[in-house]
Amino acid sequence: MNNTNSPQGLEGFDRRFVGFNGAVGQNQLKWLEGVLAEAEQADEQVVIFSHNPLHPDCTSPICLLWNYDQVLKLIHRYAPNIAGCFSGHAHAGGFCVDEAGIHHRVLEAVVECPPGTDAFGIVEVYRDRLELRGYGGMKDTSFAFRRSSDGGDRGQELAPVSAAGTNWKSPHGHGLPIPGSTVS
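Residues numbered from 1 in each chain as written. Predicted model: local features only at pLDDT ≥ 70, side-chain atom pairs only at ≥ 80, totals over all residues. Heavy atoms only, no water.

A. Summary view of the nonpolar core. Residues Leu36, Ile48, Leu54, Val71, Ile75, Ile82 and Cys85 are the most contacted members of the largest nonpolar core, which totals 20 residues. Mapped by element, the contributors of at least two residues to this core are α1 (26-42), β1 (46-49), α2 (68-77) and β2 (82-87). The dominant element in this core, judged by the number of residues it contributes, is α2, at five residues. Not counting the four nearest positions on each side in its chain, Leu54 is found in contact with Ile48, Leu64, Leu65, Tyr68, Val71, Leu72, Ile75, Cys85 and His104. Ala83, Phe86, Leu132 and Met138 belong to the second largest nonpolar core, which has nine residues in total. (Core = buried A, V, L, I, M, F, W, Y, C linked by side-chain atoms within 4.5 Å. Buried < 20%, exposed > 50% of the residue type's maximum accessible area, 1.4 Å probe, protein only. Helix = DSSP H or I, 4+ residues; strand = E, 2+ residues; numbered from the N terminus. Contact = heavy atoms within 4.5 Å.)

Structure (structure tokens):
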């Protein structure tokens, strides 16, 4: 019997094609493109959250989203409006700034912490940056926003907010669930 969770026999970036990974579906890509286009029109910043990492420079190929290249092509078209991308899945964590200047942060997993310790964080949103305040096994990270084409700051004046809120919804109605996802 073939173990679809084993990367045995797969080389390089093909190691991502294991059963415990996945892809962003066409409905989700269309939804994301619509959200990004609206953000561009309104000169707003977007934070993208995904389970699997979106960029190969911040993770091992075995944890990478199957169609990461398709997703990156889409988000790079809207790079000035993307404040950053957060993901999980690669338990050790990771960070990179990609070729379009987008910050990618893979969050450390509590499952990798010694017994009796934690790994969690709070994201604080400011006019010019996002700040991930890590606790326990989670590392701090700062995401500086890029400047708009007219030299002004991107983003709105916001007080620090927690990313842990369960009822968060943007002023434009975007939020979970997205097509093809489930919320438990």
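B. Broad picture of the sheet that holds strand β3 (residues 94-97). On the basis of which strands lie adjacent, the open sheet formed by four strands has the order β1-β2-β4-β3 and mixed pairing. Each edge of the sheet is formed by a strand with only one pairing partner; in this case those strands are β1 and β3. Going from strand to strand, the sheet's axes swing by 15° on average, the running direction of each strand aside. Here β2 pairs with strand β4 (residues 103-106) via three bridges, running parallel. Bridging across to β4, Ser87 finds its partner in Val106. (Pairing = 2+ DSSP bridges. Axes fitted to C-alpha atoms, helices over the stretch in contact; angles between N-to-C directions.)

C. Structural detail: the side chain of Gln45. Assignment of secondary structure puts Gln45 in the loop between α1 and β1. A residue is classified by how much of its surface remains accessible, and Gln45, at 19% relative accessible area, is buried. Within the structure, the side chain of Gln45 is placed 2.9 Å from the backbone oxygen of Pro80, a separation counted as a polar contact. (Polar contact = N/O pair within 3.5 Å; in protein donor to acceptor, adjacent residues only side chain to side chain.)

So yeah, pure geometry; function would need other evidence.
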